[in-house]
Each structure stands twice: as structure tokens, then as C-alpha cells.
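Tertiary structure, described
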Amino acid sequence: MKKTALLAEKPLYEASPSPFRNEDGTFLQGDNSEEARLDSRTLAARADSLVIKLPAEIAKVINKNILLAVQPGKLRERAAQIYQALEKEQIQKAPELLLDADAHIAALFLQNYSHAYRALSELKKRVGPAFSPDSVLDVGYGPGTGMIALNELMGAGFAPKTKEVYVVGRSNRAMKKRAKILLSRQLCEIPPQALEKDVGLSELRAEIEESKNEAENKEESTESQSFKTDMEEDYVGPVDASQILIRTKLRDALRPPNNTASSSSTRPYCPVSTVSRKMST
């Protein structure tokens, strides 16, 4: 039988290498072909287009301990009034009643958080590793939204010397309670005295567990602890903010500008403003 050898045909032209890729096919810069074609300076100054998500613990406490404790009809009505006021006056009013504070959180907290987080992340990117504010002041109508965004950006080890939140408005007691509840869901807000108490309790529990020799007692203790944890996670309703301890100080008024005693002993504030205005589309 006659054998026929097949020869590979040569291409009519040689494929030119892409000027935007390395030899192994990876991009020279960026994460996709569009970013690879941009100038390096344009890519460095480009705004982050990723979707910002609310932290799970913050979203959970808003849904279960704030919004679900209010009648939905009243909440929707007051939120609609907030949007109408923004449309008419171009700036929001300071919440006064408890319902006003809850409606503010339902209507504006998510967008204010995303704006503050994006602006602070861009600031951190431009400053670089040296970005570590020693004194932070958050001024706004909301529940310390800027401070929450900064805490989330900096991580659990963020512990500046001064962290203060001033909620604008004379009748701001309701919003300050909401701020304390939301801030308490972040690890960097746990005060040193609470950590010391927790360490003592943990050591005491460890000693008790070691002293138990019977397996039945250990199983009962484990079941009771897991049941208690499930009950705490499923709790729906208001929270007593007076029992909460956080690092951030909720101020009743701003410091006077001629307070030389405080200004000479601390570094300048890193201001974080979260005032909502009408956003143009």
C-alpha cells in the first residue's frame, strides 16, 4: 500500500505579536484588554468601577434591628418625603424623630456609604502606605456613615488616637443611637476595656471546660452555647444602645476653633463629611 505524507501548510502571513500583551499572553497592564490599551497615567488616575457592597454585618443589623422594627407603610411614606425634599431643596434636613432616622437609613445610607468608601479608597490609593489618620472627625446627618466606611477600608486593626462623630441637628439623639448600633458591628470599634473583659471571660470559660471530666456535661454546655448563638443571630427587634461600648466618641457639639489646648496636643483632623445632595444622572 502506498503511503501519503501530509505536510502542514504554512500560513500566508505571520501573526504579529500584540503590543499590549507579554509573550505568555498576559496583559502588560490592567485586568482586561480595554485597560491594557490605556496610557499608564490614565489607568492610574481612573476611578474604580467595581460595585461596592455593604458589609454583611452592617446590612444584617439594619434589616433585622432597625428597619424590621418599623411599620413598612410609615417607613415608605417618610422615605418618600425625604426624596421629595432632596428634589425640591437640593439638600436634606436633619432627622429629628426616630422614624426620621430610620427612614434616612433606608433611603440614603447605602448611597452615602458607597460615595464615602469610594472617595476614601481613592485618597488612600493616592497617599499610599503612609495613609493612617491619627484623628478622624465625621460630620453629617447620618449615623456616622463616613466613619463606618473608613473603618471598613482600614480594617480591624484601625485604632487612631481620636475618633469622633458629630450628627448634625439639635434633636439628633435618635440618629446617635443608630450610629452606635452600626459602629458596634465593626471589630475596630471594640474598646480596650471590652477586650479586657472578654479575655477574662474566655480564660474563665477555658478553666471551667478543663475542669469538667464528664462528657455529658460538655455536650450539654456545647448544645446550650450553640442554641444561644442561634437565638442571638435570629433576633429581630430594637437594640438597647445604652449598653453598647465603642471606640468612637459621639459628640454633642463641635470643638470651638480657638480651643488651643486640644489643637496643640493632637494632630489635625482627617474630616469625613457625609452630607447628601441631589445626584445628577
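The Subcellular location (unreviewed entry) comment attached to the chain in UniProt states, word for word, "Mitochondrion".

Looking now at the overall build of the chain. A count of helices and strands for the chain gives ten helices and four strands. The order of helices and strands in the chain, counted from the N terminus, is α-α-α-α-α-β-α-β-α-α-α-β-α-β. Within the chain, buried positions represent 32% of all 281 residues. Here the analysis covers contacts within the chain between residues at least 6 apart in sequence; of these, 78% occur between residues at least 24 apart.

The next point concerns the pattern of salt bridges. A side chain with one charge may pair with a side chain of the opposite charge, provided their charged atoms come close. Summed over all chains, the structure comprises ten salt bridges. For E89, the salt bridge is made with K93, and the minimal N-O distance between the two is 3.7 Å. Under the relative-accessibility criterion, K93 is labelled exposed at 56%. R178 is paired through a salt bridge with D102; the nearest N and O atoms lie 2.7 Å apart. In this pair, R178 is assigned in helix 7 (residues 173–183) and D102 in helix 5 (residues 98–127), connecting sequence segments 76 residues apart. The two residues R178 and D102 agree in class, both being buried.

Most of strand 2 (residues 162–167) is tucked away: six of the six residues are buried. As paired strands, strand 1 (residues 135–140) and strand 2 are joined by six bridges and run parallel to one another. In the sheet register, G140 faces strand 2, and the bridge partner there is V167. Each parallel crossover has a hand, and the one from strand 1 via helix 6 (residues 145–154) to strand 2 is right-handed. In terms of strand pairing, strand 2 meets strand 3 (residues 249–251) through three bridges, oriented parallel. Each residue of the ladder has a partner; that of Y166, found in strand 3, is R251.

Looking now at helix 4 (residues 72–89). Taking 1.5 Å per residue, 18 residues should reach 26 Å; helix 4 reaches 26 Å between its end C-alpha atoms and fits that length. Taken residue by residue, helix 4 has L75, A79, I82, A85 and L86 as its buried positions. Looking straight down helix 4, one finds that the buried residues subtend no more than 115° of arc, so they occupy a single side. Turned more than 90 degrees from where helix 4 packs its buried face, R76, Q84 and K88 sit exposed. Contacts from the buried residues of helix 4 go to helix 5. Positioned one or two residues after helix 4, Q90 has a phi angle of 70°, which is positive.

Taken as a whole and assessed by the stated rule, the structure comprises two aromatic pairs. Between F109 and Y113, the ring centres sit 6.2 Å apart and the planes meet at 20°, which makes this aromatic pair stacked. Note that F109 and Y113 are positioned in helix 5 at a spacing of four residues, about one turn of the helix. A connected cluster of aromatic rings, assembled from ring pairs, spans F109, Y113 and Y117.

With that settled, consider the nonpolar core. Of all hydrophobic cores here, the largest spans 41 residues; its most connected members are I58, I62, F109, I148, L150 and L182. Within the residue set of this core, elements represented by two or more residues are helix 3 (56–65), helix 4, helix 5, helix 6, strand 2 and helix 7. Of the residues forming this core, the biggest block, ten residues, is contributed by helix 5. Not counting chain neighbours up to four residues away, the residues in contact with I62 comprise L54, L67, I105, F109 and L182.

For any two helices packed against each other, the geometry comes down to the angle between their axes and how far apart the axes lie. The geometry of helix 5 relative to helix 7 is characterised by a closest axis approach of 8 Å and an angle of 50° between their N-to-C directions. Taken together, the axes of helix 5 and helix 7 lie oblique to each other. Along this stretch, helix 5 crosses helix 7, giving a crossing that reads as right-handed. Listed contacts from helix 7 to L98, A101, D102, H104, I105 and F109 of helix 5 are A174, M175, R178 and L182.

The rules behind the values
Residues numbered from 1 in each chain as written. Predicted model: local features only at pLDDT ≥ 70, side-chain atom pairs only at ≥ 80, totals over all residues. Heavy atoms only, no water. UniProt positions renumbered as here; feature names shortened; annotations may be inferred. Helix = DSSP H or I, 4+ residues; strand = E, 2+ residues; numbered from the N terminus. Buried < 20%, exposed > 50% of the residue type's maximum accessible area, 1.4 Å probe, protein only. Contact = heavy atoms within 4.5 Å. Salt bridge = Lys/Arg side-chain N within 4 Å of Asp/Glu carboxyl O. Pairing = 2+ DSSP bridges. Right-handed = clockwise from strand over helix to strand, strands pointing away. Expected span 1.5 Å × (residues − 1). Arc of directions from axis to C-beta. Phe/Tyr/Trp six-rings, centres within 6.5 Å; stacked < 30°, edge-to-face > 60°. Core = buried A, V, L, I, M, F, W, Y, C linked by side-chain atoms within 4.5 Å. Axes fitted to C-alpha atoms, helices over the stretch in contact; angles between N-to-C directions. Parallel < 35°, antiparallel > 145°, perpendicular 65-115°, else oblique. Left-handed = near helix turned anticlockwise from the far one by under 90°.

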